[in-house]
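The residues making up each chain are set out below.
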Number of protein chains: 2
Amino acid sequence: MLRWLNDKERGGRVNPGEVFDNITVGLQRLYKQRLLPLEKDYKFNQYYSPLLTDGDFASKPMVMLIGQYSTGKTTFIQHLLEREYPGSRIGPEPTTDRFCAVMHGEKEQVIPGNAAVVDPKKPFARLSDFGNTFLSRFEVAMCPSPVLQGITLIDTPGVLSGNKQTSRGYDFEGVIQWFGDRVDLILLMFDAHKLDISDEFRRAIGCLKGNDNKIRILLNKADMVSTQQLLRVYGALMWSLGKVIPTPEVARVYIGSFWDHQLHNDEMRRLFEAEANDLYSDIQQLPRNAAIRKLNDFIKRSRLARVHARILDHCRAQMGFFGKSAKQRKLLDGMQGVFQKVSAETSTPPGDFPPIQLFVEKTEQCNVQFEKVPKLDQKRLDALEETLAKHIPALLELVPREESRMEAAAEQ
Amino acid sequence: MLRWLNDKERGGRVNPGEVFDNITVGLQRLYKQRLLPLEKDYKFNQYYSPLLTDGDFASKPMVMLIGQYSTGKTTFIQHLLEREYPGSRIGPEPTTDRFCAVMHGEKEQVIPGNAAVVDPKKPFARLSDFGNTFLSRFEVAMCPSPVLQGITLIDTPGVLSGNKQTSRGYDFEGVIQWFGDRVDLILLMFDAHKLDISDEFRRAIGCLKGNDNKIRILLNKADMVSTQQLLRVYGALMWSLGKVIPTPEVARVYIGSFWDHQLHNDEMRRLFEAEANDLYSDIQQLPRNAAIRKLNDFIKRSRLARVHARILDHCRAQMGFFGKSAKQRKLLDGMQGVFQKVSAETSTPPGDFPPIQLFVEKTEQCNVQFEKVPKLDQKRLDALEETLAKHIPALLELVPREESRMEAAAEQ
Ligand SMILES: Nc1ncnc2c1ncn2[C@@H]1O[C@H](COP(=O)(O)OP(=O)(O)OP(=O)(O)O)[C@@H](O)[C@H]1O
Ligand SMILES: Nc1ncnc2c1ncn2[C@@H]1O[C@H](COP(=O)(O)OP(=O)(O)OP(=O)(O)O)[C@@H](O)[C@H]1O
Ligand SMILES: [Mg+2]
Ligand SMILES: [Mg+2]
């Protein structure tokens, strides 16, 4: 994939991995300087969602690989990175015996599970719920790679059959589900040469329910069989998966041989190349999409924080010197009117407002007293305005546009 | 397919269609001369199954084609036969508006439904149950063709969507089911260019439950799309069919363009040719398999008729002049002993005997009186012996062996 990325770069393309990093740093800075103070003043975290850390912005889109053992998952990662990741092992028997998050880092380094889950810069804290047996089977492999600048890859131990699978000593399916909920793409890898969908694998796929839209299927080693056999295998695969994955939409399948070696049967070379191309584009799009999603989330959050501050400031201004609690009660009971007034006075679109019910409940729960709310600092508000009007659009400019990718592809 | 058949013949191969005819004629003759007299003497039909007619031996293996409209069913039949069948129409709009059984006949001829169902030589008598509206939408097309010497083809009206389908005025799904139970092969035809599995078609496929093993899938017009598109379509087809057809075994799919024109996209020419080859072999095997099945049925029936005659003859011989009904009662009550004696005296293997219960019940129901049973004619028995020992094996010799087909294929 690296070669493929570079190939595009020669045509003047930007690496979305780098873009992602730039946007991350930009958002971290903007958040801390412009949004966080406002959130703190008005207890945004108690009303809506926790204050953000650098780690929340930095976490990269993740791609998880799952499949029966020896289908070529680890080899595929090596092929994508054009290098081994520290601690990886490849072989025809079940080799990978742990979950491994392969991440970008300037130095090669293996971080054991217990250390990885306490690192606030990594999104794995909650994995500690799966206990020590699991944590001894989890690690983070850091290594420098342009591909990893854009994404994090999750290598998994191959699915085994029957007892062997259940005797792992930890909740394998639970872990698959945990990652399934958090990753951006799930690659199910199959071996055209030895197609096998064991009951265990079926169950693992079952754990991905609700994340079906993230699933892509890789039919690997497609060059190891004749074209007719390949079509049989592919048909059998789709036939079986259609029964396991309940959606009517067909999961996208990429057919090919995803490693560095020459094709064995190269009758379908053109197809395999086109498929690999599509797959790399799909993966390459992830940081771009993640970047846009983060920018989008930032904007939504800013607008909510802004209107939240305005509402509380409006309520504060209504409070007299006496009968405070009665006044607060009255304001809370007529919150709809308050929202309308704030909307009119500050020309805030009604769509920005939080649900009335939620606002009233949280105010009571958190024991917020309107008269103690700080006065709204106009400078803070102006700073946020500027961010929304200037800084965010500037960051958005960094994101390579879909169209330009299309154009570039068409020009070739 | 004709060209393909002839191509094989040049290598010294026999046309299984002709073989089938020879075996049919042979069995008809043997049955009438050697088995039927014995069956009549001992009321075989009242005990086990109706006496056979020429028609029962002559009915050829049938292949039914179903699919959405305009997928190319009629074109495929024309392509197989290398000729039009009388009354056929082809076009991009829904064209075939009736069920048509395409059969061998020296002269071209169209027999309307009402006439076809009363012809005892044709296996369509029970179709009259579907009523007049249906019969006006059913016909038999006769024409000379070496392919039709081996098989009968059932062309069907394309499945339409929604109201149009239900307003046909007869039980479309019922008819599909009727044929599904009787044919030897069901070809579901799909159009790679315009893949569409309507709810109506799903229901029609649902009617084939229990006959899933007869289903083959044709993905037609595969050359009208790019290779990558073709794989998408094929995958989507299997994904959806896997949900409709409940068996875990994958239905065999033949991918190609089943008509006489040049390939549009010929990147996969070799595959398409191999697929067509496999399909023709599959179809060509039908008469062979049907011939073997018929020989097998004949042998089973002969052995049953033989032991049946021996049992009744044995019972007859036990009858004295007085107390006949008491004696008959005693024999019937001790039928297990009778069976053992007959088995020992005539060295008939126990596996040939009918179920005791059935024999006793039928004797009572049909009011058979042992003393009135004719004495067993040894000449008849010898004639049947000779048939089993000499004539049937001679007919079996006519059936081209699977191995020689394999060998012939390997030599090429
Ligand atoms: N595209 C390919 N074509 C043919 N063989 C391959 C291909 N990719 C990998 N292999 C071979 O398959 C075997 C298994 O590879 P690998 O260890 O990467 O699989 P894995 O899915 O990671 O297995 P595990 O689940 O046990 O970790 C190795 O012998 C490797 O050389
Ligand atoms: N292999 C093929 N490649 C491309 N076009 C084809 C092919 N076979 C048939 N066609 C075209 O598809 C159209 C429909 O063909 P045809 O009438 O045989 O379909 P059908 O399934 O019998 O339809 P109906 O259900 O309406 O009877 C015709 O225009 C025909 O020329
Ligand atoms: Mg591995
Ligand atoms: Mg037709």
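Everything below is about the structure printed above this text.
A quick note: this is a predicted structure, and the numbers were derived from the prediction, not measured.

Caption draft 1: Representation of the coordination of the magnesium ion (ligand 3) in the model. Residue and element names in this part refer to chain A. Protein coordination of the magnesium ion (ligand 3) is provided by Thr74 (OG1) and Thr96 (OG1), with donor distances spanning 2.0 Å. Of this pair, Thr74 sits in helix α5 (residues 73-81) while Thr96 sits in the loop between α5 and β2 (99-104), and the two are 22 residues apart along the sequence. For the pair Thr74 and Thr96, a shared accessibility class is recorded, and that class is buried.

Caption draft 2: Quick look at the site of ligand 1. All names here are of chain A. Around ligand 1, the surrounding shell holds 20 residues, and the nearest of these are Ser70, Lys73, Thr75, Thr95 and Thr96. Contact distances for ligand 1 include 2.7 Å between an oxygen atom and a side-chain N or O atom of Lys73. The fraction of the free accessible surface of ligand 1 (640 Å²) that becomes covered by protein chains is 90%. The leading source of residues in the shell around ligand 1 is α5, at three residues. Classifying every residue of the shell around ligand 1 by side-chain character gives six nonpolar, 11 polar and three charged.

Caption draft 3: Spotlight on the coordination of the magnesium ion (ligand 4). Residue and element names in this part refer to chain B. Protein coordination of the magnesium ion (ligand 4) is provided by Thr74 (OG1) and Thr96 (OG1), with donor distances spanning 2.0 Å. Looking at Thr74, the relative accessible area reads 7%, which means it is buried. Take Thr96: its relative accessible area is 16%, and that puts it in the buried class.

Caption draft 4: Up close: the sheet that holds strand β3 (residues 109-112) of chain A. Residue and element names in this part refer to chain A. Pairing in this open sheet of eight strands is mixed, and the strands run β3-β4-β2-β5-β1-β6-β7-β8 from one edge to the other. Among the strands making up the open sheet, the edge pair consists of β3 and β8 (252-255). The mean inter-strand angle of the sheet, taken between neighbouring strand axes irrespective of direction, is 25°. Where β2 and strand β5 (residues 152-155) come together, three bridges link them in antiparallel fashion. Bridge pairing in β5 links Val102 to Leu153. In the packing of α5 onto the sheet, the strands contacted are β1 (62-67), β2, β5, β6 (185-191) and β7 (215-220), and the crossing angle to β5 comes to about 160°.

Caption draft 5: The sheet that holds strand β1 (residues 62-67) of chain B, seen in detail. Residues and elements named next belong to chain B. Taken in spatial order, the eight strands make up an open sheet running β3-β4-β2-β5-β1-β6-β7-β8, and their pairing is mixed. Both outer strands of the open sheet, β3 (109-112) and β8 (252-255), are each paired with one neighbouring strand and no more. Adjacent strand axes in the sheet meet at a mean angle of 25°, parallel and antiparallel pairs treated alike. Strand direction decides the pairing type here: β3 and strand β4 (residues 138-143), joined by four bridges, are antiparallel. Considered in β4, the bridge of Gln109 is made with Met142. Across the face of the sheet, helix α11 (residues 199-206) comes into contact with β1 and β6 (185-191) while running at roughly 165° to β6.

Caption draft 6: Geometry of the pairing of strand β7 (residues 215-220) of chain B. Residues and elements named next belong to chain B. Counting buried positions along β7 yields six of six residues, so the element is predominantly enclosed. With burial as the criterion, each face of β7 is covered, one bearing Ile215, Ile217 and Leu219 and the other bearing Arg216, Leu218 and Asn220. In the sheet, β6 pairs with β7 via six bridges, with the strands oriented parallel. When the bridges of β7 are listed, Phe190 appears paired with Leu219. Inspection of the sheet shows β7 paired to β8 by four bridges, in the parallel sense. Its bridge partner lying in β8, Leu218 is registered against Tyr254.

Caption draft 7: The pattern of salt bridges, seen in detail. This model, assessed by the stated rule, comprises 60 salt bridges over all chains. In this structure, the salt-bridge partner of Arg252 of chain B is Glu275 of chain B, at a minimum N-O distance of 3.6 Å. Of this pair, Arg252 of chain B sits in strand β8 while Glu275 of chain B sits in helix α13 (residues 269-318), and the two are 23 residues apart along the sequence. For Arg252 of chain B, a relative accessible area of 21% corresponds to the partly exposed category. Arg306 of chain B serves as the salt-bridge partner of Glu385 of chain B, at 2.7 Å between the closest nitrogen and oxygen. Pair noted here: Glu385 of chain B is in helix α17 (residues 378-398) and Arg306 of chain B is in helix α13, with a separation of 79 residues, a long-range link. Glu385 of chain B sits in the partly exposed class, given a relative accessible area of 30%. According to the relative accessible area criterion, Arg306 of chain B is buried, its value standing at 8%. Salt bridges here are not isolated pairs; linked through shared partners, they connect Arg303, Arg306, Arg310, Asp352 and Glu385 of chain A.

Here is what the cut-offs are and how they apply
- Residues numbered from 1 in each chain as written.
- Chains lettered and ligands numbered in written order.
- Predicted model: local features only at pLDDT ≥ 70, side-chain atom pairs only at ≥ 80, totals over all residues.
- Heavy atoms only, no water.
- Donors = N, O, S within 2.8 Å, 3.2 Å for Na, K, Ca; no water.
- Helix = DSSP H or I, 4+ residues; strand = E, 2+ residues; numbered from the N terminus.
- Buried < 20%, exposed > 50% of the residue type's maximum accessible area, 1.4 Å probe, protein only.
- Near = heavy atom within 4 Å.
- Polar contact = N/O pair within 3.5 Å; in protein donor to acceptor, adjacent residues only side chain to side chain.
- Areas by Shrake-Rupley, 256 points an atom, 1.4 Å probe, with all protein chains shown as cover.
- Nonpolar A, V, L, I, M, F, W, Y, C, P; charged D, E, K, R; others polar.
- Pairing = 2+ DSSP bridges.
- Axes fitted to C-alpha atoms, helices over the stretch in contact; angles between N-to-C directions.
- Contact = heavy atoms within 4.5 Å.
- Salt bridge = Lys/Arg side-chain N within 4 Å of Asp/Glu carboxyl O.

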